[in-house]
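# Examination of the molecular architecture
Each chain, letter by letter, is given below.
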Amino acid sequence: MNIFSRLDNLTDLTTNEQTLVDYMKNNPERFINMSADEISAACFISIPTIYRLCKKLELNGLAQLKVMVSTSIRDYLKEKKTIDYNYPFSQNETQYQITMKMKELFDRGEFVVSAEVGPPKGIHVDELVEEAKTYLKDVHAVNVTDNQSSVMRLGSLAMCKVLKDAGMNPIFQLACRDRNRIALESDLLSAAMLGIDNILCLTGDHTKMGDHPQAKPVFDLDSVSLLHTVKLLESGVDLGGNELVGEPPKFSKGAVVSPCSDSVDAQLAKMERKVAAGAEYFQTQAVFEPEKFIKFMEQAKQFGKPVQVGIIIPKSAGMAKFMNNNVAGIHVPDEMIEELKADKEKTKAGITGVEIAARIIKECKPYCQGVHIMALGWESKIPDLLKLAEI
């Protein structure tokens, strides 16, 4: 009897053990090459759960389990009655319908890659679209920033629609700084109507940081209450308790977290509140200290939500120092700054920055479910980064 048949005969599995079994069945070839830490992160389970399952199978440990899975793969695939090669999509679905379901990649255990673009300060978007089609063709989704750093630009929702029409899968970043609850709810309904269902809920930087420091900030809601608002809309009512007309919208709801913050406990508390409010996945602030990220993820694992590690390609030592002095939750180590100083021509060409970013991704990859790349104008470096990071 092969291992998959033995697994089917187990009747006393816990919920987490069943999650592990399902993952093995759906990803057998990947499973046999994973460490206990990687399996734990992919399934959102504890390492002891893996060894409890081994014990129920009367095996000596994970190594023996992987050997048995390896020898059983061919027989198992032959025994499967149907294999849906389009899963999780159906053969007749349009590109629009497929991109709406990208969150399901997390559920399948895929390592999800997203990148970020900033709309222009104007109405001409052809260059941005062409660059995205050229350099971001291998990512699963494209974040569109919402007046990032309080600098006025073309709207995120309009840019999302343009990118979607160009065949990409946009993530609509929505900040609370510039809109009250009425405008936020209206923009969410507009996004759903346009077929844009991936969203990232943000509080937003204060207007004093941007190019309109005299502007009055709104902050009627924050990121947590915005997530709650999205859940209400999905249930068919708005924040005022009024019923929506027709079928309610459905979103893949994202949020942010800063794993390298000075106050990890505060970040974990915020993450817990965001999960309770409806967050389904997280993208992190840029990480330059993998050891801090790994420690954070050991604790964040309890929430059972996929996390994409945030990556910025450092352009220069000056940029690194600026982030250290001005961006909360980011610290570029001194040795990394010295690496950027060592060969100015190599750094100017982007080679050093790509090498640093790829190294960070490799170190963090076993502990997260994806990567979010903030290229900050260096979108052309993303293909090289993904190749060097072996993604």
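None of these values were measured; they are calculated from a predicted model.

## Here's the deal with the overall build of the chain
- On a plain count of helices and strands, the chain comes out with 19 helices and 8 strands.
- If one aligns the C-alpha atoms of the chain with their principal axes, the spans along those axes are about 70 × 60 × 40 Å.
- The contacts in the chain between residues at least 6 apart in sequence include a share of 75% that link residues at least 24 apart.
- With the model as given, the accessible surface of the chain reaches about 19000 Å², and the carbon-plus-sulfur share is 50%.
- Side chains of the chain carry 46 positive and 53 negative charges; the gap between the two charge centres is 1 Å.

## Thoughts on the sheet that holds strand S4 (residues 198–202)
- As summarised here, the arrangement of the 8 strands in space is S1-S2-S3-S4-S5-S6-S7-S8, forming a closed barrel in which the pairing is parallel. Averaged over all pairs of adjacent strands, the angle between their axes in this sheet comes to 25 degrees, without regard to strand direction.
- Where strand S1 (residues 112–117) and strand S8 (residues 370–374) come together, 4 bridges link them in parallel fashion. Counted as the bridge partner of valine 112 is glycine 370 from S8.
- Each of strand S3 (170–175) and S4 touches helix H11 (residues 181–193); the most contacted strand, S3, lies at about 175 degrees to it.

## Some remarks on the packing of helix H14 (residues 290–300) against helix H18 (residues 351–364)
- The interhelical angle for the contact between H14 and H18, taken along N-to-C directions, is 25 degrees, at an axis separation of 10 Å. Relative to H18, H14 is oriented roughly parallel. For H14 against H18, the interelement crossing comes out right-handed. In this structure, H14 contributes Pro290, Phe293 and Ile294 to the contact, and H18 contributes Ile360, Glu363 and Cys364.
- By residue class, the composition of the contact of H14 with H18 is 5 nonpolar, no polar and 1 charged.

## Focus on the confidence of the model for the chain
- Per-residue pLDDT for the chain has a mean of 89; in total, 92% of the residues score no lower than 70.
- Here residues 80–91 is modelled with pLDDT under 50, and outside its nearest four sequence neighbours on either side it reaches 10 contacts, counting other chains as well.
- Contacts for the low-pLDDT stretch residues 93–100, under 50 throughout, to residues beyond four places or in other chains number 17 contacts.

## Side note on the packing of aromatic side chains
- In this structure the tally under the stated criterion is 1 aromatic pair.
- Arranged with centres 5.9 Å apart and planes meeting at 25 degrees, the rings of phenylalanine 106 and tyrosine 281 form a pair that is stacked. Residue phenylalanine 106 is located in helix H8 (residues 104–107), and its partner tyrosine 281 is located in strand S6 (residues 281–286); the two are separated by 175 residues in the primary sequence.
- By relative accessible area, phenylalanine 106 is classed as buried at 9%.
- Lysine 365 extends its terminal NZ or CZ atom over the ring of phenylalanine 111, reaching a point 5.1 Å from the ring centre.
- Lying over the aromatic face of tryptophan 378, lysine 381 brings its terminal NZ or CZ to 5.4 Å of the ring centre.

## Thoughts on unusual backbone geometry
- Positive phi values are uncommon outside glycine, yet asparagine 147 reaches one of about 50 degrees.
- Mapped onto the elements of the fold, asparagine 147 is located in the loop between strand S2 (141–144) and helix H10 (156–165).
- Positive phi, close to 60 degrees, is recorded for serine 149, a residue that is not glycine.
- Relative to the helices and strands, serine 149 resides in the loop between S2 and H10.

Conventions and cut-offs
Residues numbered from 1 in each chain as written. Predicted model: local features only at pLDDT ≥ 70, side-chain atom pairs only at ≥ 80, totals over all residues. Heavy atoms only, no water. Helix = DSSP H or I, 4+ residues; strand = E, 2+ residues; numbered from the N terminus. Contact = heavy atoms within 4.5 Å. Areas by Shrake-Rupley, 256 points an atom, 1.4 Å probe, with all protein chains shown as cover. Lys, Arg positive; Asp, Glu negative; His and termini not counted. Charge placed at Lys NZ, Arg CZ, Asp CG, Glu CD. Pairing = 2+ DSSP bridges. Axes fitted to C-alpha atoms, helices over the stretch in contact; angles between N-to-C directions. Parallel < 35°, antiparallel > 145°, perpendicular 65-115°, else oblique. Left-handed = near helix turned anticlockwise from the far one by under 90°. Nonpolar A, V, L, I, M, F, W, Y, C, P; charged D, E, K, R; others polar. pLDDT = per-residue confidence, 0-100. Phe/Tyr/Trp six-rings, centres within 6.5 Å; stacked < 30°, edge-to-face > 60°. Buried < 20%, exposed > 50% of the residue type's maximum accessible area, 1.4 Å probe, protein only. Lys NZ or Arg CZ within 6 Å of the ring centre and 35° of its normal.

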